[in-house]
Structures are given as structure tokens and as C-alpha cells.
Amino acid sequence: MNKFSWYEAKSVEEALQQVNSTVSEQLYEHSDNASVFKSGGIDVFDWVKEGLLKPQKIINIRNIPGLDKIGYDPKNGLSIGSNVTLAEIASNPEIKTNYLALHQAVNHAATPQLRNMSTLGGNIAQRNRCWYFRSADHDCFRKGGDRCFARHSETGENENHAIIDNGSCVSVHASSISTALMAFNASVVIVNSEGEKKEVRMDDFFVTAGEDIAMENVLKAKEIITEIIIPAPSKNTKSAYIKQVARESYDWSLGDVAVVLEVSGDTCRSASIVLGAAAPVPYRSIEAQQAIAKKTINSENAMAAAEAAMSKARPLAKNGYKVPLFIATIKQAILEIS
Ligand SMILES: Cc1cc2nc3c(=O)[nH]c(=O)nc-3n(C[C@H](O)[C@H](O)[C@H](O)COP(=O)(O)OP(=O)(O)OC[C@H]3O[C@@H](n4cnc5c(N)ncnc54)[C@H](O)[C@@H]3O)c2cc1C
């Protein structure tokens, strides 16, 4: 581990002032002179301990006052400060009542110990868990190298990887919570060093490898997430979230699904369906949404929506199992709402 200085930020403005002008944004491999924000520190310290990130300065934003609040009102919806922990979200009764799929997603993420440490801001900004990306011995596309090791049809270990939009990088995004946030049409509130505030829809927050191979989200070096906001659901909104894992105790997602439906009796009026661990970023399935909208919620229509979601799937050599896994999971999530 390299030596670094530690800055204890007391405000967002102060934290942003501490960012080095030489910071190379999210290009970890080349970030020896960079500063990095640390919130819960789960992901940041993984990178530092592996020697993949050698920051000059760690800016601790975890104790900035005001970023640790949850607010809900039935008219304006939900606001979750970026430093709210996953454990605090999991135990919030208003989130469980009004945003069930988010409650379920948070409860299935990581372990109780990790949920006590992890913050929502850090969760959505964490980097992917592809073992080649996380290995100092593999200089993959995302780290400035010339190939995607996982993609290789004979030597690539790609069983956990993407089946949709798997072009130059086939990793999947690590935040299973983002699957539910996107399904609820959440937005990310970001503040920059000029004090300007913007709201970015979760649908626009993540960056595909085709757009920029070095980035996984739109955050710039001198920007901080301050809160995540979710509109108030209508009275007739119902939701469900299911995550499939290899080990039941705790594990990263092999495939997770969030379904948010506006219903009228047993009919789906409108649908928001998002898949996690299917593509390099959380994936909104327009095909599934269209297939179930205005239809009776029953087994046949749920199956049709699930199959429509997989119409663009192009599995790699070792992850063909994800297609039937997603079909079964999407169908089950829709039927849980009926
Ligand atoms: C074994 C294990 C299993 C896990 N399983 C899951 C899972 O199933 N699902 C899931 O969703 N997650 C999972 N996680 C992720 C974990 O829960 C944390 O959410 C995540 O590692 C980072 O959260 P953090 O608060 O510690 O962020 P940090 O490590 O502090 O930061 C992560 C990144 O976000 C940036 N950052 C942090 N806060 C901000 C901010 N406010 N503004 C701008 N940038 C910011 C940091 O600079 C850094 O780049 C798992 C982690 C582990 C180790």
C-alpha cells in the first residue's frame, strides 16, 4: 500500500476544493497522483489494498453533516442522502411501505456488516467486479489495455458476465441496488466545485463501455453525489425485486430484476422493468415493459414479457444459463405483484 494523506471534509464545498487538479477521474490504473473520495470505504480500500489505486490523498466525505438523512412525503417522494447506509435504508419503514422493491434490493445486497458500512452514494459509484478488471496482472480495455480477457471464447472466464450489450467490455455493474433505483425512476443529485447542482436520471447516470471505456458513470472528478431522489409512487403502484446468487448467504448478483407496475385491478397500466447483472450497466428492458403494459397480469403474459426481455441476449461461452435464469426471474417478479 502506498502512503497517502487523509483529509477530513466538513462540507461538500471543502471536499471539492481538496480534489487535486491532476486527478485522472476514474482511470484507477493511472491515478498515482490522484485524490479520491472515500465514503463507506468498502470499495476504495479494496482498490488501495490490491495496489490498483495509489492515491496521493484520500478525502473522507463520510462525516459531512447533512448527507445522512432520509426524507419522505407522499407528494414529493423520497430523498436519501448519499451517506445514508444500506442498513439505514433497509430498516426504514416508509421505504418498505412505499418502495418495496428498493427495500428488498438493499436487504439482499452484501452482508449485514457491509450494509452497516456501505453508503448509497458509494454503492452506485462503485466499480465493476470483473475479476480481470480487479487483477493487477490483467491490463484490460477499461484500464487502458488492448483487450477484454473475459470476452475470449476459449480462455475467458465469463460465467458472471453480461449477456446484453456485451461489446468491448463484458463486465456487469456491481450495484444491484441500482436495479431497483432505476425501476423507481430515481435521479442522482450531483454538486460540482462551482456549487452548481444538477439532477441526473439513473437511466442517464451510468456510462456504457461504448460511450467511454474508462468510465462507468457520468461523475466528474470535481463532483459529489449529495442525494438520490425518487418520485412519489401513485396509489396503485406495486413492486417486486428478486436477486439470484450462487450462494444463499451473501453473494454478488448473477441476475437481478426489479419490476414496478402501476396496476388497475389485475391489469398492468404501465411497467418499469430493470435487469441487473445482465449488461455492463443496469438495463431497462423496454421490450418487457411493452409486452406487459395494458395486459392482464397472469402467467402467460408474464412469460411473454420475460421472453421479450431476453430477445436481445447474446450470451458468451460460459453464461448461457443466464437467459433461462432471467426468464424465470422476470416472470416470477411480475407474478409476485399480481
Ligand atoms: C463481499 C461484498 C459483497 C457485496 N455485495 C453487494 C451486492 O450484492 N449488491 C450491491 O449493490 N453491492 C454489494 N457490495 C458493495 C458494497 O455494499 C458497497 O456499497 C460498495 O462496495 C461501496 O460503498 P461505500 O460506501 O463503501 O463506497 P466507497 O468505497 O467509499 O466509494 C466507492 C466509490 O464511490 C465514490 N464515492 C463514494 N461516495 C461518493 C459520493 N457521495 N459522491 C461521489 N463519489 C462517491 C468513491 O470515490 C469510490 O470511487 C458488496 C461489497 C462486498 C465487499
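Basis of the calculations
- Residues numbered from 1 in each chain as written.
- Predicted model: local features only at pLDDT ≥ 70, side-chain atom pairs only at ≥ 80, totals over all residues.
- Heavy atoms only, no water.
- Helix = DSSP H or I, 4+ residues; strand = E, 2+ residues; numbered from the N terminus.
- Buried < 20%, exposed > 50% of the residue type's maximum accessible area, 1.4 Å probe, protein only.
- Contact = heavy atoms within 4.5 Å.
- Phe/Tyr/Trp six-rings, centres within 6.5 Å; stacked < 30°, edge-to-face > 60°.
- Near = heavy atom within 4 Å.
- Polar contact = N/O pair within 3.5 Å; in protein donor to acceptor, adjacent residues only side chain to side chain.
- Areas by Shrake-Rupley, 256 points an atom, 1.4 Å probe, with all protein chains shown as cover.
- Nonpolar A, V, L, I, M, F, W, Y, C, P; charged D, E, K, R; others polar.
- Domains from an automatic or database assignment.

Notes on the environment of Leu-275
Considering the arrangement of structural elements, one finds Leu-275 in strand E11 (residues 267-276). When its relative accessible area of 0% is taken as the criterion, Leu-275 is described as buried. Spatially, the C-alpha atom of Leu-275 lies 9.0 Å from that of Ala-183, the residues being 92 residues apart in sequence. Excluding anything up to four places from it in sequence, Leu-275 contacts Ile-164, Thr-179, Asp-256, Val-257, Pro-282, Tyr-283, Ala-309, Met-310, Phe-326 and Ile-330.

A look at the packing of aromatic side chains
Taken as a whole and assessed by the stated rule, the structure comprises 6 aromatic pairs. On the numbers, 5.2 Å between centres and 70 degrees between planes, the contact of Trp-47 with Phe-133 is edge-to-face. You can see Trp-47 sitting in helix H2 (residues 42-49) and its partner Phe-133 sitting in the loop between helix H7 (120-125) and helix H8 (177-183), a full 86 residues away along the chain. Both residues of the pair, Trp-47 and Phe-133, belong to the buried class.

Side note on the site of the ligand
Surrounding the ligand, one finds 34 residues, the nearest of these being Phe-37, Ser-39, Thr-119, Ser-176 and Lys-243. The backbone of Asp-43 places a nitrogen or oxygen atom 2.8 Å from an oxygen atom of the ligand. The separation between an oxygen atom of the ligand and a polar side-chain atom of Thr-119 is 2.7 Å. In isolation the ligand has 990 Å² of accessible area, and contact with the protein removes 93% of it. Put simply, the parts of the chain that give the shell around the ligand at least two residues each are strand E2 (35-38), H2, H7 and strand E8 (223-230). The dominant element in the shell around the ligand, judged by the number of residues it contributes, is H7, at 4 residues. Looking at side-chain class alone, the shell around the ligand contains 18 nonpolar, 12 polar and 4 charged residues. Split by domain, the shell around the ligand shows at least three residues from each of two domains, domain 1 (1-60) and domain 2 (237-337).

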